[in-house]
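# Analysis of the macromolecular model
The lines below spell out each chain.
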Amino acid sequence: MGEWLPPRKKRRRQAEVQEPVENKDLPFEEDWVVVPFIPLRCPSCGSTKLKTYGASRNRLERYHKCRVCHLQFKSVEFDPKNF
Ligand SMILES: [Zn+2]
């Protein structure tokens with residue numbers, strides 16, 4: 001379990017994450033290990049405005065609702081080795 005942070009502190013921490021990467025001491029571009037990241041979209045209308053409201057016990061299935069067309073759907077997390 002992560003430590004509890006009051007809302008103000010948490011917001012500031014998220015802002016730090018979004019700082020431009022050029023200002024940080026990071027590996028050279030060719031040294032990065034790259035993995036795919038597929039942003040979640042509503043399968044009906046394509047919106048990225050989604051609400052995640054629950055997950056299965058093992059956290060591999062997550063339940064979402066589209067804020068635009070209100071479709072409810074679930075996402076399933078795959079191990080890339082089995083994909
Ligand atoms: Zn939708």
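Since this is a predicted model, take the numbers as computed values, not measurements.

Our focus in this paragraph is the overall build of the protein chain. Of the regular secondary structure elements, the protein chain holds one helix and three strands. When each of the 83 residues of the protein chain is scored for burial, the buried share is 1%. Considering only contacts within the protein chain whose residues lie at least 6 apart along the sequence, 20% involve residues at least 24 apart.

This part covers the pairing of strand β2 (residues 61-66). Where strand β1 (residues 50-55) meets β2, five bridges bridge the pair, whose relative direction is antiparallel. Bridged to A55 within β2 is R62. What sits between the antiparallel neighbours β1 and β2 is a turn of five residues, in which R59 has the positive phi angle 70 degrees. Sheet analysis places β2 next to strand β3 (residues 72-76), joined by five bridges and oriented antiparallel.

This next bit is on the sheet that holds β3. Taken in spatial order, the three strands line up as β1-β2-β3 in an open sheet, and their pairing is antiparallel. A single partner strand is all that each edge strand has here, and the edge strands are β1 and β3. Each strand of the sheet is rotated relative to its neighbour by a mean of 35 degrees, with strand direction disregarded.

A few words now on unusual backbone geometry. At R59, a residue that is not glycine, the phi angle is positive and equals roughly 70 degrees. Structurally, the position occupied by R59 is in the loop between β1 and β2. The backbone phi angle of H70 is positive, close to 70 degrees, even though this residue is not glycine. Along the chain, H70 turns up in the loop between β2 and β3.

Attention now goes to the confidence of the model for the protein chain. On average, residues of the protein chain score 82 in pLDDT, and 70% of them are at 70 or above. Within the protein chain, helix α1 (residues 7-17) has the poorest average pLDDT of any element, 55, and β2 the best, 98.

Moving on: the environment of A55. Tracing the chain through its elements places A55 in strand β1. Under the C-beta neighbour-count criterion, A55 is labelled partly exposed, with 14 such atoms within 10 Å. Residues A55 and V76 lie 21 residues apart in sequence; the distance between their C-alpha atoms is 9.8 Å. A55 has contacts with E61, R62 and Y63, leaving out every residue within four places of it along the chain.

Positionally, V35 belongs in the loop between α1 and β1. For the pair formed by V35 and P80, sequence separation is 45 residues and the distance between their alpha carbons is 9.4 Å.

Calculation rules
Residues numbered from 1 in each chain as written. Predicted model: local features only at pLDDT ≥ 70, side-chain atom pairs only at ≥ 80, totals over all residues. Helix = DSSP H or I, 4+ residues; strand = E, 2+ residues; numbered from the N terminus. Buried ≥ 20, exposed ≤ 12 C-beta atoms within 10 Å, placed from the backbone. Contact = placed C-beta atoms within 7 Å. Pairing = 2+ DSSP bridges. Axes fitted to C-alpha atoms, helices over the stretch in contact; angles between N-to-C directions. pLDDT = per-residue confidence, 0-100.

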